[in-house]
Amino acid sequence: MLKILFFFIVMILVASCKDAVSETANAQESGWEVVTDSLPKKNSVDSKVQMILNDWLEFSAMERSFDKIYTTEFREDFVLIIEELVENQKKVEQGVYPVTFDIPHIKGRQKIFQTYILKTKGDLEYRQNPKESILQMITAFNDLRNQFNVVVNNTLPDELRVNEKN
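All values derive from a computational prediction rather than experimental measurement.

(A) A look at the packing of helix α5 (residues 104-125) against helix α6 (residues 131-152). Remark: α5 packs on α6, axes separated minimally by 8 Å, with the N-to-C direction vectors making an angle of 165 degrees. Here α5 lies roughly antiparallel to α6, going by the angle between them. In terms of crossing hand, the pair formed by α5 and α6 is left-handed. Across the interface between the two elements, His105, Ile106, Arg109, Gln110, Ile112, Phe113, Tyr116, Ile117, Lys119, Thr120 and Asp123 of α5 pack against Glu132, Ser133, Ile134, Gln136, Met137, Ala140, Phe141, Asp143, Leu144, Gln147, Phe148 and Val151 of α6.

(B) Structural view of the pattern of salt bridges. Inspection of every chain in the model, using the stated rule, returns 8 salt bridges. Residues glutamate 63 and arginine 145 are paired through a salt bridge, measuring 2.0 Å at the closest nitrogen-oxygen approach. Placement of the pair is glutamate 63 in helix α3 (residues 57-67) and arginine 145 in helix α6, with a sequence separation of 82 residues. As far as burial versus exposure is concerned, glutamate 63 and arginine 145 are alike and both buried.

(C) Summary view of the nonpolar core. Membership of the largest hydrophobic core comes to 31 residues, with the highest contact counts inside it found for Leu85, Phe101, Phe113 and Phe148. Secondary structure elements with two or more residues in this core: α2 (47-55), α3, α4 (75-94), α5 and α6. Element by element, the count of residues in this core is highest for α6, at 9 residues. Excluding residues within four positions of it along the chain, phenylalanine 101 makes contact with Val49, Ile52, Leu53, Trp56, Ile106, Phe148, Val151 and Val152.

The rules behind each value
- Residues numbered from 1 in each chain as written.
- Predicted model: local features only at pLDDT ≥ 70, side-chain atom pairs only at ≥ 80, totals over all residues.
- Heavy atoms only, no water.
- Axes fitted to C-alpha atoms, helices over the stretch in contact; angles between N-to-C directions.
- Helix = DSSP H or I, 4+ residues; strand = E, 2+ residues; numbered from the N terminus.
- Parallel < 35°, antiparallel > 145°, perpendicular 65-115°, else oblique.
- Left-handed = near helix turned anticlockwise from the far one by under 90°.
- Contact = heavy atoms within 4.5 Å.
- Salt bridge = Lys/Arg side-chain N within 4 Å of Asp/Glu carboxyl O.
- Buried < 20%, exposed > 50% of the residue type's maximum accessible area, 1.4 Å probe, protein only.
- Core = buried A, V, L, I, M, F, W, Y, C linked by side-chain atoms within 4.5 Å.

Right, here's the structure in full:
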């Protein structure tokens, strides 16, 4: 009787260990469901804006890091890209802005972009599905690029923009 009881306990332990291992493996695999082909494309900027951005080295480095999002296939690579984006975004924030873009409109858009980078990083660290936060981050980056176009192509005289009474 003791041998049967011992054999029964061993069988229960073996069966329960196998189920726990397979559940853990499934939970880790399901964390990466982002298909880079379905991501929205980056907005283009005017040639005048592109000339200014080419001279802004910190932003060019951040933009190159951002472009890597579209070529990654694995979660680990994407984590490294987000880390690189965080570092490059800090350099842009602490660096010297071009005179044309040293305004609150651009800095505010950049702060929003930083928020969504950090949200994406948090989703990746906590193994949540980052698809929504990636889409928000890309939208924030496109809004930043669109704001560059708006600032450069603004035809209002400086007196009207500075004067708050009008």
